[in-house]
Amino acid sequence: MKTLSQQFTFDPKLDIAFERFVDAPPRLVWEALTKPEHLKEWYMPKAWGRVARAEMDLRPGGIFSIDIAVGDGREVPNLGCVLEAIPMKRLVWTSMLFPGYRPAVFDDIPITAIMTMEAEGSGTRYVFTALHRDESDLEKNTASGWREGTEIALDQLVAHVMTMK
Amino acid sequence: MIQAAAADDVFHALSNPTRRRVLERLSVGPATVSELAEPFDMQLPSFVQHLSVLEESRLVKSRKHGRVRTYEIAPERFKVVEDWLAARRRLWEARLDRFDQYVKQLKEEGK
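Thresholds, definitions, all that
Residues numbered from 1 in each chain as written. Chains lettered and ligands numbered in written order. Predicted model: local features only at pLDDT ≥ 70, side-chain atom pairs only at ≥ 80, totals over all residues. Helix = DSSP H or I, 4+ residues; strand = E, 2+ residues; numbered from the N terminus. Rg over C-alpha atoms; globule rule 2.2 N^0.38 Å. Buried ≥ 20, exposed ≤ 12 C-beta atoms within 10 Å, placed from the backbone. Pairing = 2+ DSSP bridges. Axes fitted to C-alpha atoms, helices over the stretch in contact; angles between N-to-C directions. Contact = placed C-beta atoms within 7 Å. Nonpolar A, V, L, I, M, F, W, Y, C, P; charged D, E, K, R; others polar. Core = buried A, V, L, I, M, F, W, Y, C linked by C-beta atoms within 7 Å.

Peer 1: Explain the overall build of chain B here, please?
Peer 2: Regarding its fold elements, chain B presents 5 helices and 3 strands. Sequence-ordered secondary structure for chain B, helices as α and strands as β, is α-α-β-α-α-β-β-α. Relative to a compact globule of 111 residues, whose C-alpha radius of gyration would be 13 Å, chain B shows 21 Å and is clearly more extended. For chain B, the spread of C-alpha atoms along the three principal axes comes to 75 × 30 × 20 Å. The buried share among the 111 residues of chain B stands at 21%.

Structure, rendered in C-alpha coordinates:
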(Lines give C-alpha, C1' and ligand atoms only; values in the text may rest on other atoms or scores of the structure.)
Protein backbone atom coordinates (compact mmCIF):
# COMPACT_ATOMS: atom_id res chain seq x y z
CA MET A 1 0.00 0.00 0.00
CA LYS A 2 1.18 3.47 -0.89
CA THR A 3 1.81 5.79 1.97
CA LEU A 4 0.77 9.41 1.94
CA SER A 5 4.33 10.65 1.58
CA GLN A 6 4.56 8.90 -1.77
CA GLN A 7 1.48 10.65 -3.14
CA PHE A 8 2.95 14.12 -3.29
CA THR A 9 6.22 15.87 -2.63
CA PHE A 10 6.11 18.78 -0.25
CA ASP A 11 8.25 21.62 -1.54
CA PRO A 12 8.80 24.30 1.11
CA LYS A 13 9.35 26.91 -1.61
CA LEU A 14 5.90 26.34 -3.13
CA ASP A 15 3.80 24.73 -0.45
CA ILE A 16 2.63 25.37 3.06
CA ALA A 17 1.56 22.99 5.79
CA PHE A 18 -0.37 23.78 8.97
CA GLU A 19 -0.43 21.31 11.81
CA ARG A 20 -2.58 21.00 14.94
CA PHE A 21 -3.06 18.45 17.67
CA VAL A 22 -6.74 18.04 18.49
CA ASP A 23 -7.64 16.30 21.74
CA ALA A 24 -10.50 14.36 20.16
CA PRO A 25 -10.76 11.23 18.00
CA PRO A 26 -10.34 11.43 14.18
CA ARG A 27 -14.07 10.71 13.79
CA LEU A 28 -14.95 14.12 15.29
CA VAL A 29 -12.24 15.95 13.34
CA TRP A 30 -13.55 14.41 10.11
CA GLU A 31 -17.10 15.50 10.98
CA ALA A 32 -15.91 19.05 11.69
CA LEU A 33 -14.04 19.16 8.36
CA THR A 34 -16.85 17.85 6.18
CA LYS A 35 -20.29 18.73 7.60
CA PRO A 36 -21.68 22.16 6.63
CA GLU A 37 -23.13 22.78 10.10
CA HIS A 38 -19.64 22.36 11.62
CA LEU A 39 -17.76 24.20 8.86
CA LYS A 40 -19.94 27.22 9.61
CA GLU A 41 -18.53 27.27 13.14
CA TRP A 42 -14.83 27.43 12.29
CA TYR A 43 -13.91 27.77 8.59
CA MET A 44 -13.83 31.58 8.57
CA PRO A 45 -12.03 33.71 11.23
CA LYS A 46 -14.97 35.03 13.29
CA ALA A 47 -13.65 38.61 13.29
CA TRP A 48 -13.42 38.57 9.47
CA GLY A 49 -16.73 37.10 8.37
CA ARG A 50 -18.73 33.91 8.27
CA VAL A 51 -19.58 30.91 6.11
CA ALA A 52 -22.69 31.77 4.09
CA ARG A 53 -23.11 28.39 2.42
CA ALA A 54 -21.25 25.11 2.34
CA GLU A 55 -21.73 22.08 0.16
CA MET A 56 -19.52 19.04 0.03
CA ASP A 57 -20.02 15.81 -1.86
CA LEU A 58 -17.48 13.44 -0.37
CA ARG A 59 -16.49 11.35 -3.36
CA PRO A 60 -13.89 11.77 -6.10
CA GLY A 61 -15.36 14.28 -8.54
CA GLY A 62 -17.78 15.64 -5.93
CA ILE A 63 -18.42 19.32 -5.35
CA PHE A 64 -16.41 21.33 -2.82
CA SER A 65 -18.07 24.69 -2.33
CA ILE A 66 -17.80 27.10 0.57
CA ASP A 67 -19.15 30.63 0.19
CA ILE A 68 -17.68 33.18 2.60
CA ALA A 69 -19.54 36.33 3.64
CA VAL A 70 -17.26 39.19 4.64
CA GLY A 71 -18.01 42.23 6.83
CA ASP A 72 -20.21 44.24 4.49
CA GLY A 73 -22.30 41.23 3.43
CA ARG A 74 -20.39 40.57 0.20
CA GLU A 75 -20.04 36.89 -0.58
CA VAL A 76 -16.91 35.24 -1.93
CA PRO A 77 -17.20 31.73 -3.35
CA ASN A 78 -14.63 28.94 -3.05
CA LEU A 79 -15.37 26.31 -5.64
CA GLY A 80 -13.48 23.14 -6.36
CA CYS A 81 -13.52 19.41 -6.93
CA VAL A 82 -12.98 16.61 -4.41
CA LEU A 83 -10.18 14.27 -5.53
CA GLU A 84 -10.06 11.79 -2.66
CA ALA A 85 -12.19 11.25 0.42
CA ILE A 86 -11.17 8.51 2.84
CA PRO A 87 -13.28 8.97 5.98
CA MET A 88 -11.27 9.82 9.10
CA LYS A 89 -7.99 9.67 7.14
CA ARG A 90 -7.70 12.01 4.20
CA LEU A 91 -9.62 14.58 2.18
CA VAL A 92 -8.07 16.04 -0.97
CA TRP A 93 -9.63 18.72 -3.16
CA THR A 94 -8.45 21.21 -5.74
CA SER A 95 -9.63 24.53 -7.11
CA MET A 96 -7.87 23.64 -10.40
CA LEU A 97 -11.00 21.67 -11.34
CA PHE A 98 -14.71 22.33 -11.28
CA PRO A 99 -16.93 19.62 -9.73
CA GLY A 100 -17.18 16.49 -11.87
CA TYR A 101 -13.52 16.85 -12.95
CA ARG A 102 -14.48 19.53 -15.49
CA PRO A 103 -11.39 21.61 -16.27
CA ALA A 104 -11.87 24.89 -14.43
CA VAL A 105 -11.63 28.34 -15.92
CA PHE A 106 -9.85 30.95 -13.88
CA ASP A 107 -7.13 33.54 -13.70
CA ASP A 108 -6.84 32.86 -10.01
CA ILE A 109 -4.48 31.34 -7.47
CA PRO A 110 -5.43 27.68 -7.45
CA ILE A 111 -4.44 25.29 -4.71
CA THR A 112 -4.63 21.59 -4.09
CA ALA A 113 -5.56 21.04 -0.46
CA ILE A 114 -4.60 17.85 1.35
CA MET A 115 -6.13 17.33 4.76
CA THR A 116 -4.88 14.36 6.74
CA MET A 117 -5.67 13.09 10.21
CA GLU A 118 -3.98 10.42 12.23
CA ALA A 119 -4.84 9.08 15.68
CA GLU A 120 -2.25 10.09 18.29
CA GLY A 121 -2.88 8.85 21.81
CA SER A 122 -6.42 9.91 22.70
CA GLY A 123 -6.36 12.66 20.10
CA THR A 124 -5.72 13.44 16.44
CA ARG A 125 -2.77 14.92 14.57
CA TYR A 126 -4.30 17.09 11.85
CA VAL A 127 -2.25 18.45 8.93
CA PHE A 128 -3.55 20.79 6.27
CA THR A 129 -1.25 21.12 3.27
CA ALA A 130 -1.80 23.56 0.42
CA LEU A 131 0.12 22.94 -2.80
CA HIS A 132 0.74 25.91 -5.10
CA ARG A 133 1.83 26.19 -8.73
CA ASP A 134 4.85 28.36 -8.05
CA GLU A 135 6.60 30.61 -5.54
CA SER A 136 4.72 33.69 -6.64
CA ASP A 137 1.34 32.02 -5.95
CA LEU A 138 2.46 31.12 -2.43
CA GLU A 139 3.72 34.68 -1.93
CA LYS A 140 0.39 36.15 -3.08
CA ASN A 141 -1.55 33.78 -0.84
CA THR A 142 0.62 34.84 2.09
CA ALA A 143 0.33 38.58 1.33
CA SER A 144 -3.47 38.45 0.87
CA GLY A 145 -4.03 37.28 4.46
CA TRP A 146 -4.99 33.78 3.38
CA ARG A 147 -2.16 32.28 5.43
CA GLU A 148 -3.01 34.26 8.56
CA GLY A 149 -6.72 33.47 8.11
CA THR A 150 -5.96 29.77 7.82
CA GLU A 151 -4.00 29.85 11.11
CA ILE A 152 -6.93 31.53 12.89
CA ALA A 153 -9.45 29.14 11.32
CA LEU A 154 -7.45 26.12 12.47
CA ASP A 155 -7.43 27.44 16.05
CA GLN A 156 -11.20 27.83 15.72
CA LEU A 157 -11.40 24.25 14.39
CA VAL A 158 -9.55 22.90 17.43
CA ALA A 159 -11.82 24.87 19.80
CA HIS A 160 -14.96 23.80 17.93
CA VAL A 161 -14.09 20.09 17.96
CA MET A 162 -13.75 20.36 21.77
CA THR A 163 -17.40 21.47 21.94
CA MET A 164 -18.45 18.43 19.87
CA LYS A 165 -17.14 15.93 22.43
CA MET B 1 -32.28 14.55 -13.26
CA ILE B 2 -29.79 16.36 -15.53
CA GLN B 3 -32.29 19.20 -15.69
CA ALA B 4 -32.65 19.26 -11.88
CA ALA B 5 -28.88 19.41 -11.37
CA ALA B 6 -28.65 22.19 -13.96
CA ALA B 7 -31.35 24.12 -12.10
CA ASP B 8 -29.38 23.79 -8.85
CA ASP B 9 -26.26 25.27 -10.50
CA VAL B 10 -28.17 28.00 -12.28
CA PHE B 11 -30.24 29.13 -9.30
CA HIS B 12 -27.18 29.04 -7.06
CA ALA B 13 -25.28 31.18 -9.60
CA LEU B 14 -28.19 33.64 -9.65
CA SER B 15 -28.47 33.79 -5.85
CA ASN B 16 -25.62 36.29 -5.48
CA PRO B 17 -25.87 40.05 -6.19
CA THR B 18 -22.31 40.29 -7.57
CA ARG B 19 -22.99 37.48 -10.05
CA ARG B 20 -26.34 39.00 -11.09
CA ARG B 21 -24.61 42.31 -11.80
CA VAL B 22 -22.00 40.52 -13.92
CA LEU B 23 -24.82 38.90 -15.92
CA GLU B 24 -26.51 42.29 -16.34
CA ARG B 25 -23.25 43.73 -17.64
CA LEU B 26 -22.66 40.77 -19.98
CA SER B 27 -26.19 41.08 -21.38
CA VAL B 28 -24.98 44.30 -23.04
CA GLY B 29 -22.00 42.53 -24.65
CA PRO B 30 -18.82 40.52 -24.02
CA ALA B 31 -16.25 41.89 -21.56
CA THR B 32 -12.82 41.04 -20.23
CA VAL B 33 -12.13 39.98 -16.63
CA SER B 34 -10.68 43.39 -15.71
CA GLU B 35 -13.61 45.24 -17.32
CA LEU B 36 -16.03 43.07 -15.36
CA ALA B 37 -14.12 43.46 -12.08
CA GLU B 38 -13.73 47.24 -12.39
CA PRO B 39 -17.02 48.32 -10.70
CA PHE B 40 -16.47 45.94 -7.77
CA ASP B 41 -14.37 46.73 -4.74
CA MET B 42 -13.05 43.19 -4.44
CA GLN B 43 -9.76 41.30 -4.61
CA LEU B 44 -9.30 39.88 -8.10
CA PRO B 45 -9.01 36.22 -7.01
CA SER B 46 -12.33 36.53 -5.12
CA PHE B 47 -13.98 38.15 -8.11
CA VAL B 48 -12.62 35.50 -10.45
CA GLN B 49 -14.17 32.82 -8.25
CA HIS B 50 -17.57 34.46 -8.93
CA LEU B 51 -16.83 34.17 -12.64
CA SER B 52 -15.94 30.51 -12.04
CA VAL B 53 -19.32 29.87 -10.42
CA LEU B 54 -21.03 31.51 -13.41
CA GLU B 55 -18.94 29.49 -15.84
CA GLU B 56 -19.63 26.28 -13.91
CA SER B 57 -23.38 27.00 -14.15
CA ARG B 58 -22.81 27.57 -17.89
CA LEU B 59 -24.70 30.85 -17.84
CA VAL B 60 -21.54 32.38 -19.32
CA LYS B 61 -18.75 31.22 -21.61
CA SER B 62 -15.19 32.45 -21.76
CA ARG B 63 -12.43 32.50 -24.35
CA LYS B 64 -8.80 33.35 -23.94
CA HIS B 65 -6.99 35.48 -26.49
CA GLY B 66 -3.34 35.73 -25.56
CA ARG B 67 -3.34 36.84 -21.94
CA VAL B 68 -6.84 38.27 -21.98
CA ARG B 69 -9.90 36.23 -21.05
CA THR B 70 -13.22 37.46 -22.43
CA TYR B 71 -16.60 36.48 -21.00
CA GLU B 72 -19.93 36.37 -22.79
CA ILE B 73 -23.50 35.33 -22.00
CA ALA B 74 -24.52 31.77 -22.93
CA PRO B 75 -28.24 32.38 -23.57
CA GLU B 76 -29.25 28.67 -23.84
CA ARG B 77 -28.81 28.12 -20.11
CA PHE B 78 -31.25 30.87 -19.16
CA LYS B 79 -33.94 28.59 -20.53
CA VAL B 80 -33.53 26.39 -17.42
CA VAL B 81 -34.86 29.29 -15.33
CA GLU B 82 -37.56 30.22 -17.84
CA ASP B 83 -38.78 26.63 -18.08
CA TRP B 84 -38.93 26.24 -14.32
CA LEU B 85 -40.89 29.46 -13.84
CA ALA B 86 -43.14 28.70 -16.82
CA ALA B 87 -44.02 25.29 -15.35
CA ARG B 88 -44.98 26.93 -12.01
CA ARG B 89 -47.02 29.57 -13.82
CA ARG B 90 -48.88 26.99 -15.91
CA LEU B 91 -49.79 25.10 -12.76
CA TRP B 92 -51.11 28.20 -11.02
CA GLU B 93 -52.98 29.41 -14.07
CA ALA B 94 -54.64 26.01 -14.36
CA ARG B 95 -55.61 26.22 -10.68
CA LEU B 96 -57.00 29.74 -11.08
CA ASP B 97 -58.99 28.62 -14.13
CA ARG B 98 -60.52 25.80 -12.09
CA PHE B 99 -61.23 28.22 -9.23
CA ASP B 100 -62.88 30.59 -11.68
CA GLN B 101 -64.98 27.73 -12.98
CA TYR B 102 -65.97 26.76 -9.43
CA VAL B 103 -67.02 30.32 -8.50
CA LYS B 104 -69.14 30.54 -11.64
CA GLN B 105 -70.72 27.23 -10.77
CA LEU B 106 -71.54 28.46 -7.24
CA LYS B 107 -73.08 31.58 -8.73
CA GLU B 108 -75.23 29.47 -11.04
CA GLU B 109 -76.35 27.24 -8.18
CA GLY B 110 -77.14 30.28 -6.00
CA LYS B 111 -79.54 31.69 -8.55
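Having seen the structure, we can now continue with the description.
Peer 1: Before we go on, may I ask you to explain the sheet that holds strand β2 (residues 49–56) of chain A in this structure?
Peer 2: Within a beta sheet, neighbouring strands are joined by backbone hydrogen bonds and run either parallel or antiparallel to one another. Residues and elements named next belong to chain A. Read across the open sheet, the 7 strands follow the order β1-β7-β6-β5-β4-β3-β2; overall the sheet is antiparallel. Edge strands, defined here as strands with exactly one partner in the open sheet, are β1 (16–22) and β2. Here the strands of the sheet are splayed against their neighbours by 20 degrees on average, with no regard to which way each runs. In this sheet, strand β4 (residues 75–86) lies alongside strand β3 (residues 63–70) in antiparallel orientation, the contact comprising 7 bridges. Along β4, the bridge assignment pairs I66 with N78. Helix-sheet contacts for helix α1 (residues 26–34) involve β1, β2, β5 (90–94), β6 (112–120) and β7 (123–131), and the interaxial angle to β6 is about 160 degrees.

Peer 1: What is the right way to look at the environment of A119 of chain A in this model?
Peer 2: All names here are of chain A. For A119, the location among the structural elements is in strand β6. Between the alpha carbons of A119 and F21 there is a distance of 9.7 Å; along the sequence they are 98 residues apart. When sequence neighbours within four positions are dropped, the list of residues in contact with A119 reads P25, P26 and T124.

Peer 1: What is the right way to read the environment of K89 of chain A from this model?
Peer 2: On the secondary structure map, K89 of chain A appears in the loop between β4 and β5. Separated by 26 residues in the primary sequence, K89 of chain A and M115 of chain A place their C-alpha atoms 8.2 Å from one another.

Peer 1: Explanation requested: the pairing of β7 of chain A in the structure shown.
Peer 2: On a regular strand, each side chain points to the face opposite its neighbour's, so the side chains alternate between the two faces of the sheet. All names here are of chain A. Both β1 and β7 contribute to a ladder of 7 bridges, which runs antiparallel. Within β7, the position partnered with A17 by the bridge is T129. Here β6 pairs with β7 via 9 bridges, running antiparallel. Each bridged residue has a counterpart across the sheet, and for T116 the counterpart in β7 is V127. Two successive antiparallel strands, β6 and β7, enclose a turn made up of 2 residues, where G121 displays a positive phi of approximately 60 degrees.

Peer 1: What is the right way to read unusual backbone geometry from this model?
Peer 2: Of all residues except glycine, most have a negative phi; of all peptide bonds, most are trans. At M88 of chain A, a residue that is not glycine, the phi angle is positive and equals roughly 70 degrees. Backbone geometry at R58 of chain B places phi at a positive 60 degrees, although glycine is not the residue there. Here R58 of chain B shows up in the loop between α4 (44–57) and β2 (60–65).

Peer 1: Sorry, what's going on with the interface of chain A and chain B here?
Peer 2: By a frequent convention, interface size equals the accessible area lost on bringing the separate parts together. Contact residues are listed per partner, giving 14 residues for chain A and 16 residues for chain B. When its residues are assigned to classes, the side of chain A that touches chain B shows 8 nonpolar, 2 polar and 4 charged.

Peer 1: Please explain the sheet that holds strand β1 (residues 31–32) of chain B as it appears in this structure.
Peer 2: Residues and elements named next belong to chain B. Taken in spatial order, the 3 strands make up an open sheet running β1-β3-β2, and their pairing is antiparallel. Each having just a single partner strand, β1 and β2 make up the two edges of the open sheet. Pairing between β2 and strand β3 (residues 68–73): 6 bridges, direction antiparallel. Each bridged residue has a counterpart across the sheet, and for V60 the counterpart in β3 is I73. Seen against the sheet, helix α2 (residues 17–28) touches β1, β2 and β3 and runs at an angle of roughly 90 degrees to β3.

Peer 1: Sorry if this is basic, but what is going on with the nonpolar core here?
Peer 2: Note that soluble globular proteins tend to have their nonpolar side chains buried in a common cluster. If you look at the biggest cluster of nonpolar residues, it comprises 31 residues, and the most contacted ones within it are V29, A32, W93 and V161 of chain A. When residues of this core are traced back to their parent elements, those giving at least two are α1, α2 (36–42), β3, β4, β5, β6, β7 and α4 (146–164) of chain A. Beyond its immediate sequence surroundings of up to four residues, A32 of chain A is in contact with H38, W42, L157, H160, V161 and M164 of chain A. In this structure, L36, V48, L51 and V60 of chain B belong to the second largest nonpolar core, which totals 15 residues.

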